[in-house]
Amino acid sequence: MKKYDVLIIGSGLSGLYTALKIDPSKEICILSKGKLMSGNTELAQGGIAATLSNDENELLSHIEDTLNAGAYYNDRQALKALVGTSNDIIDELVDLGVEFDKLDNGEYNLTMEGGHSSRRILHAGGDATGKEMMLALCEVVSKRANIDVIEDTMALDLIIQGDHCIGAFAINEEDNFYSIFAGDTVIATGGLGAIYKSTTNPKIATGDGVAMAYRAGVDINNMEFVQFHPTSFFTEKSGQRFLVSEAVRGEGAKLFNIEMERFMEKYDERMELAPRDIVSQSIFREMYDTWSDYVYLDITHCSKDYLMNRFPTIYNHLQVHGVHMEKDLVKVSPCEHYSIGGIITDIDGKSSCNHLYAVGECSSTGVHGANRLASNSLLECVVFGERVANMINKSREKVIFGSRKEVLIDKKFNFRTIRREVRQILQQYVGIVRNETDLKMAKRIITNHYDNLSKIKVTSKYYYETLNMVTCAMLIIDGALSRKESIGCHYRID
Ligand SMILES: Cc1cc2nc3c(=O)[nH]c(=O)nc-3n(C[C@H](O)[C@H](O)[C@H](O)COP(=O)(O)OP(=O)(O)OC[C@H]3O[C@@H](n4cnc5c(N)ncnc54)[C@H](O)[C@@H]3O)c2cc1C
């Protein structure tokens, strides 16, 4: 048993940034299921959107682009908070050691991405923005005496006492079981891509935070809004896909179907720079019509030197696979990328349970509406991480820890067949285009797994991961069934 002032579950950008903004007099524990850098953040290529001036028109334009991408389903108060503080947040990141790319004249080298009406995306290390941010923040965290980082340890369930969250149960790689008690608990567990057969997320992204919150009776919403990234690098293998960033289209790359028709003109006047839901749905349609598993991305108008310098990560990855961006077409197809819904929070990251906060991709702040605008999620992690920290800093309430006994059966079993089936079902029936018949069929199978898994209780990482995957799948299907209209990235063909 361990006791802290604050327990943060997750060591991505949202978890680390929240920890750094909490008063250093508080004892903090950061739990990480894998190593410190093992989540979605370090894979982020394109950048972080920010309005760098306090010019009213610029701010309004960023808000309007976000609303437009989100089908005007966004929470406007949360969105104002997101965009309004973006300038200050960038300064704070720079103070923490993040070095954003600059032009020769010393100004930030801003890029363009789909759905943005102006160049407002900052990037670092060319196309290694997330990694650069994580390296800088990890360095600062390692010097903070009040922060304990516990790696390779997975939170299993929240500990709830009355109407308060007082920490979480966790298990490490050696199967040691812990009760970690804390005055305040922050869920920062990232996405759920690994419940799909093809995703840009790493395999640890099994929706743990959302599922454990659901088991604790915490309010969840908008799970049907699963964003598919239009341009993951196509390979025959399923599992984690490599992303070819939106910023490549921002630098002028064009999309062609396998018959070499530039098809985006049929779908949206913004062409390749339309928001992600539109580009993904258009590619899906073209793949269907041409009986193909991919389309082509063409950036051959750029020189090798320019591409190697601007997109070093992407260039090197594709080169290893025999693709040279300056002369070859790149095969791409959409795959699962980002979870928009999750744990409902107010504007300060507070969930429906006392002393429980959520931040980052696992939260549902409402800023993204029905479809996330590119590069707004890293911004959300830091803006709302700071807001959560401010609330925790103000909190003086003392929580009296009770004790709770868990009766658990220990069993080794990896549930591989269920995992495989969940991924297959979601990919096939709960993907970019949905209909009631498919969703109902998916629901029958997934509910059956949920009921069976819920009847047993096993103290193992595999059991909980599988239960979490099935829980998130069920929440997505339920949301998709009850939302009859097409909006944002939820597309109902019926
Ligand atoms: C390939 C890729 C490219 C992207 N590019 C961009 C971009 O250019 N711009 C942008 O704004 N967004 C981008 N995104 C989205 C963005 O990176 C993520 O939404 C964001 O980084 C999420 O941060 P996070 O802190 O919420 O979660 P993560 O960074 O995913 O961190 C989650 C953490 O939680 C831990 N964890 C999970 N479950 C448990 C558990 N049960 N117990 C303990 N720890 C747990 C994990 O180990 C990890 O440390 C991209 C995403 C991907 C996958």
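Look above for the structure.
Being a predicted model, the structure only gives us computed values, none of them experimental.

A. Here's a closer look at the packing of aromatic side chains. One pass over the full model with this rule turns up nine aromatic pairs. Geometrically, the ring pair formed by Phe234 and Tyr294 is tilted, given 5.1 Å between the ring centres and 45° between the ring planes. With Phe234 in the loop between strand E11 (226-233) and strand E12 (239-240) and Tyr294 in the loop between helix H8 (276-289) and strand E14 (295-298), the pair connects residues that are 60 residues apart, well separated along the chain. Three or more aromatic residues link up through ring pairs in this structure, and these residues are Phe234, Tyr294 and Tyr296. Over the face of the ring belonging to Tyr338 we find Arg372, whose NZ or CZ atom lies 4.1 Å from the ring centre.

B. Molecular detail of helix H10 (residues 312-320). Those residues of H10 that sit buried are Ile314, Tyr315 and Leu318. One side of H10 holds all its buried residues, which, seen down the axis, span an arc of 100°. Backbone geometry just after H10 places Gly322 at a positive phi near 80°.

C. Up close: the nonpolar core. Counting 61 residues, the largest nonpolar core has Ile195, Ile343, Leu426, Val430 and Ile476 as its most contacted members. Top contributing element to this core by residue count: helix H14 (residues 461-482), with 13 residues. Counting residues in each nonpolar core, the second largest holds 52 residues, with Leu122, Ala188, Ile347 and Leu379 among its members.

D. View of the sheet that holds strand E18 (residues 363-364). In space, the three strands of this open sheet follow the order E10-E16-E18, with mixed pairing throughout. In this open sheet, the two edge strands, each paired with only one partner strand, are strand E10 (220-221) and E18.

E. Seen up close, the site of the ligand. Around the ligand, the surrounding shell holds 41 residues, and the nearest of these are Ser14, Thr41, Gly47, Glu361 and Ser377. Leu13 places a main-chain nitrogen or oxygen 3.3 Å from an oxygen atom of the ligand. Note that a nitrogen atom of the ligand is positioned 2.7 Å from one of the side-chain N or O atoms of Ser377. At the level of secondary structure, the elements contributing two or more residues to the shell around the ligand comprise helix H1 (13-21), strand E6 (153-161), helix H6 (208-215), strand E15 (330-339) and helix H11 (376-394). Among the elements that take part in the shell around the ligand, H11 stands out by supplying four residues, more than any other. For the shell around the ligand, a count of residues per class yields 14 nonpolar, 23 polar and four charged.

Calculation criteria
Residues numbered from 1 in each chain as written. Predicted model: local features only at pLDDT ≥ 70, side-chain atom pairs only at ≥ 80, totals over all residues. Heavy atoms only, no water. Phe/Tyr/Trp six-rings, centres within 6.5 Å; stacked < 30°, edge-to-face > 60°. Helix = DSSP H or I, 4+ residues; strand = E, 2+ residues; numbered from the N terminus. Lys NZ or Arg CZ within 6 Å of the ring centre and 35° of its normal. Buried < 20%, exposed > 50% of the residue type's maximum accessible area, 1.4 Å probe, protein only. Arc of directions from axis to C-beta. Core = buried A, V, L, I, M, F, W, Y, C linked by side-chain atoms within 4.5 Å. Pairing = 2+ DSSP bridges. Near = heavy atom within 4 Å. Polar contact = N/O pair within 3.5 Å; in protein donor to acceptor, adjacent residues only side chain to side chain. Nonpolar A, V, L, I, M, F, W, Y, C, P; charged D, E, K, R; others polar.

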